[in-house]
Amino acid sequence: MTLKGANPLTLAHGETYIDSGATALDAVDGVVSVLTDGSVNENALGDYIISYSAKDKAGNEATSTREVTVVDLTAPVITLNGESTINLTQWADEYIELGAIATDNVDGDITVNAPSGLVDTTVPGSYLLTYTVTDVAGHETTAQRTVNVAEQKPFIITWLITPEQKTIQLPLNPAFTAEGYNYRVDWGDDSVDSNQTTAAPIGDTQRLYLSN
Ligand SMILES: [Ca+2]
């Protein structure tokens, strides 16, 4: 008896098993029909045996078997929650980790742990976060997210000199309450206030301008 096709045979999970059969040749009877027994569940990992048997007219039986192993050959797929590139502004924005989800052809949903890498929104730069999952079969998948932190631009106000007393309203962003708020004011009369910091302001701050 001769098996057609591979033996043992490795089959990818979910792939349809098509038995290649066997042939039997008897010295007296010539070609003898072969009976096949056994089945493969393509959707369940494991080993399966397909048996073949053939008898000649004299009742002599020949048998053979094929071992089929259903294995997981496919790595999980990661889908990021949120965008793969996130643009933030230094101090003004906070990075919120939205995480990721992963599904596998065999294992179903897989929990994605926190990514490697950290985002420091107080330091401008480009940060790379790497998410990794591994299925039971050991296939690893990674996905990455880039978080760009743009430098906070100082703002400059020029206030024209007028004879009257003037006040200036400095709009303050509540997002800066932790770090304070740095500003530079050019009063237009050769006096400049730089690196003015207001800690934890909410609302507006007044600056009183006194004319000479
Ligand atoms: Ca898999």
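You'll find the structure just up there.
Residues numbered from 1 in each chain as written. Predicted model: local features only at pLDDT ≥ 70, side-chain atom pairs only at ≥ 80, totals over all residues.

1. What about the sheet that holds strand β10 (residues 100-104)?
The sheet built from 3 strands is open, its strands ordered β8-β10-β11 with antiparallel pairing. Single-partner strands in this sheet number two, and they are β8 (77-80) and β11 (108-111). Sheet twist, expressed as the average angle between the axes of neighbouring strands with direction ignored, equals 30 degrees. Both β10 and β11 contribute to a ladder of 4 bridges, which runs antiparallel. (Pairing = 2+ DSSP bridges. Helix = DSSP H or I, 4+ residues; strand = E, 2+ residues; numbered from the N terminus. Axes fitted to C-alpha atoms, helices over the stretch in contact; angles between N-to-C directions.)

2. A few points about the pairing of strand β6 (residues 46-55)
Examined bridge by bridge, strand β5 (residues 35-37) and β6 share 3 bridges and lie antiparallel to one another. The partner of Leu 35 across the bridge, within β6, is Ser 53. Bridge count between β6 and strand β7 (residues 61-71): 10 bridges; the pairing is antiparallel. Pairing of Ser 51 across the sheet is with Thr 65, part of β7. The turn joining β6 and β7, which pair antiparallel and follow one another in sequence, is formed by 5 residues; a positive phi near 90 degrees is taken by Gly 59.

3. Overview of the pairing of strand β12 (residues 125-134)
Note that β12 and strand β13 (residues 140-150) share 10 bridges and pair antiparallel. Note that in β13 the partner of Thr 132 across the bridge is Thr 142.

4. So, the environment of Val 112
Considering the arrangement of structural elements, one finds Val 112 in the loop between β11 and β12. With 20 C-beta atoms counted inside 10 Å, the residue Val 112 sits in the buried group. C-alpha separation for the pair Val 112 and Ala 102, spaced 10 residues apart in sequence, amounts to 6.4 Å. Setting aside residues no more than four positions away along its own chain, Val 112 makes contact with Ile 78, Gly 99, Ala 100, Ile 101, Ala 102, Tyr 131 and Val 133. (Buried ≥ 20, exposed ≤ 12 C-beta atoms within 10 Å, placed from the backbone. Contact = placed C-beta atoms within 7 Å.)

5. Some details on the sheet that holds strand β1 (residues 2-3)
Spatial strand order, β1-β3-β4: 3 strands in an open sheet with antiparallel pairing. Two strands lie at the open edges of the sheet, namely β1 and β4 (30-32), each paired on one side alone. Across 3 bridges, strand β3 (residues 22-26) lies against β4 in antiparallel orientation. Within β4, the position partnered with Ala 24 by the bridge is Val 32.

6. Considerations on the environment of Glu 151
Of note, Glu 151 is situated in the loop between β13 and β14 (156-158). As a C-alpha pair, Glu 151 and Trp 91 span 60 residues in sequence and 8.7 Å in three-dimensional space. Beyond its immediate stretch of four places on either side in the chain, Glu 151 contacts Gln 90 and Pro 124.

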